[in-house]
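A look at the structure
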Amino acid sequence: MVTQPATTEVANSNQQIWAQDRLGRAEDASFLRAFLLGRIREREEAGLPASYVLNIDAEWGRGKSFFLSRFGKQLAAEGFVVAHVNAWQDDHAEDPLLSVMDAIDQAVAPLVKKEKRARDRWEAAKRTGGALAVAAAKGATVHLARKVLGSGIDEIGSILKTGVPEGAEKSVEDISKKLGDIVDEQGKNLLATFREAKRTIATFRRNLGAFLEVLSSKNQPLPLFVFVDELDRCRPPFAIAMLERMKHLFDIDQVVFIVATDTVQLSHSVGAVYGSGFNSEGYLARFFNRTYSIVCRTETLSGSFYGDSLSRSRKYRCRLR
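Report on the accompanying structure.

Cut-offs applied
- Residues numbered from 1 in each chain as written.
- Predicted model: local features only at pLDDT ≥ 70, side-chain atom pairs only at ≥ 80, totals over all residues.
- Heavy atoms only, no water.
- Helix = DSSP H or I, 4+ residues; strand = E, 2+ residues; numbered from the N terminus.
- Buried < 20%, exposed > 50% of the residue type's maximum accessible area, 1.4 Å probe, protein only.
- Contact = heavy atoms within 4.5 Å.
- Areas by Shrake-Rupley, 256 points an atom, 1.4 Å probe, with all protein chains shown as cover.
- Expected span 1.5 Å × (residues − 1).
- Polar contact = N/O pair within 3.5 Å; in protein donor to acceptor, adjacent residues only side chain to side chain.
- Axes fitted to C-alpha atoms, helices over the stretch in contact; angles between N-to-C directions.
- Parallel < 35°, antiparallel > 145°, perpendicular 65-115°, else oblique.
- Nonpolar A, V, L, I, M, F, W, Y, C, P; charged D, E, K, R; others polar.
- Core = buried A, V, L, I, M, F, W, Y, C linked by side-chain atoms within 4.5 Å.
- Salt bridge = Lys/Arg side-chain N within 4 Å of Asp/Glu carboxyl O.
- Phe/Tyr/Trp six-rings, centres within 6.5 Å; stacked < 30°, edge-to-face > 60°.
- Lys NZ or Arg CZ within 6 Å of the ring centre and 35° of its normal.

**Some points on the overall build of the protein chain**
If you tally the helices and strands in the protein chain, you get 12 helices and 6 strands. For the protein chain, the proportion of its 321 residues judged to be buried stands at 41%. Of all intrachain contacts in the protein chain linking residues separated by at least 6 positions in sequence, the fraction that spans at least 24 positions is 77%. Of the roughly 17400 Å² that the protein chain leaves accessible, carbon and sulfur atoms contribute 52%.

Below, the structure is given as structure tokens:
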């Protein structure tokens, strides 16, 4: 169930949080807060997973990071659990799940110290999350083949490229039989690994859901908010993996992701992986429930911006799509 804390107690705090706001972003935050809580409530009532993924779309330099930082502070001041992920800083990681789990771990630390049941549930979620990350790190097919066959995999590749040397038919038959046996055995192992991964994902979602239920029983305001910034600056494989993890692991009750991107640049990253003819925009659309776009219109503004007096010829407006 969506819990909404009293806002009168945090009004002064919100004024301080948005003190440097010169573009009316506090109004956007208020709108999106109400919008997201409303969507979670609607999905609960409809019997759908009460989760949501919102994309904040704007070009570089339009204040996405400023907005996410202040919006997160506002929600935290109201009592919500807020995790912040800087995807660009973390894209050295093998699996973006580790980045998200670390951010959530830091956000919930004060809560789990006080409540043993919550701590136990969260530790269970971390264990299964770690198991998923380890499984992903073992998923490179070429690496697996090289580990199993050693230098033999290079010999096989050479044969496939250059053809069979004269008089080497028997050797090739032996290699083919060995390869066939290995592929058959590895196929069985991969199927077992796939099934185990499915069970681990289900366990992870169940553990995280149980953790959030414990928080709710203690009157902790929900949902859990996870802010992801700088995704469009990441290595393309990491950015895609982050979206996949969000979609498949965190589509559970009371979890909201707010992702800031330059969606055009992110679509280019997807195209770099899948090819220029790939429908990158359509691919990205399946990860986001809605997109909140910050665009420009011409209007002169005068005043102080981050402490500097200047005249600006741009003002920002938003649209939800």
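**Overview of helix α5 (residues 96–114)**
Taking 1.5 Å per residue as the helical rise, α5 with its 19 residues ought to reach 27 Å, and the 28 Å between its terminal C-alpha atoms agrees with that figure. Of the residues making up α5, those classed as buried are P96, L97, S99, V100, M101, A103, I104, V108 and V112. The N-capping residue of α5, defined by a side-chain oxygen 2.9 Å from the backbone nitrogen of L97, is D95.

**Overview of the packing of helix α10 (residues 236–249) against helix α11 (residues 263–274)**
One can describe the packing of α10 onto α11 by two numbers: an axis separation of 9 Å at closest approach and a directional angle of 105°. Classified by the interaxial angle, the pair formed by α10 and α11 is roughly perpendicular. Mapping the contact onto sequence places P236, P237, A239, I240 and L243 in α10 and L266, S269, V270, A272, V273 and Y274 in α11. Classifying every residue of the contact of α10 with α11 gives 10 nonpolar, 1 polar and no charged.

**Points about unusual backbone geometry**
In this chain, L222 is followed by P223 through a cis amide linkage whose omega measures 20°. Backbone geometry at N219 places phi at a positive 65°, although glycine is not the residue there. Mapped onto the secondary structure, N219 falls in the loop between α9 (169–217) and β3 (224–229). What makes N219 exposed here is its relative accessible area of 65%. The backbone of Q254 sits at a positive phi, close to 70°, despite the residue not being glycine.

**Brief notes about the nonpolar core**
If you look at the biggest cluster of nonpolar residues, it comprises 47 residues, and the most contacted ones within it are F250 and F257. Not counting the four nearest positions on each side in its chain, F250 is found in contact with S51, L97, V100, M101, I104, F204, L208, R245, V255 and F257. Counting 27 residues, the second-largest nonpolar core is a separate cluster that includes Y52, I56, L75 and Y292.

**Examining helix α2 (residues 25–45)**
If you check α2, its first and last C-alpha atoms are 30 Å apart, about what 21 residues at 1.5 Å a residue would give, namely 30 Å. Inspection of α2 places R25, D28, A29, L32, R33, F35, L36, L37, G38, I40 and R43 among the buried residues, and these make up the whole buried set. One or two residues past the end of α2 sits G47, with phi positive at roughly 75°.

**Observations regarding the pattern of salt bridges**
Taken as a whole and judged by the stated rule, the model has 13 salt bridges. Notably, a salt bridge pairs E78 with R33, separated by 2.6 Å at the nearest N-O pair. With E78 in the loop between α3 (64–77) and β2 (82–86) and R33 in helix α2, this residue pair connects regions lying 45 residues apart in the sequence. Overall, R33 belongs to the buried group, its relative accessible area being 11%. For the salt bridge of E196 with R199, the shortest nitrogen-to-oxygen distance reads 2.8 Å. Placement of the pair is E196 and R199 together in helix α9, with a separation of 3 residues, close to one helical turn. Residue classification places E196 among the partly exposed residues on the basis of a relative accessible area of 40%. Among the residues examined, R199 registers a relative accessible area of 47% and is labelled partly exposed. When salt bridges that share partners are traced, they join D105, E123 and K126 into one network.

**Details of the packing of aromatic side chains**
Counted by the stated rule, this structure contains 15 aromatic pairs. Measuring from ring centre to ring centre gives 5.5 Å for F67 and F71, while their planes differ by 35°; the resulting arrangement is tilted. A residue pair is termed a helical-turn pair when its members lie 3 or 4 positions apart in one helix, as F67 and F71 do in helix α3 at 4 residues. As far as the burial class goes, F67 and F71 line up, both buried. Aromatic pair F80 and F225: ring centres 5.4 Å apart, planes at 90°, arrangement edge-to-face. Here F80 is found in the loop between α3 and β2, whereas its partner F225 is found in strand β3, with 145 residues between them in sequence. Using a relative accessible area of 1% as the deciding quantity, one classes F225 as buried. Grouped by ring-pair contacts, the aromatic residues W18, F66, F67, F71 and F227 constitute a single cluster. Over the face of the ring belonging to W88 we find R233, whose NZ or CZ atom lies 3.5 Å from the ring centre.

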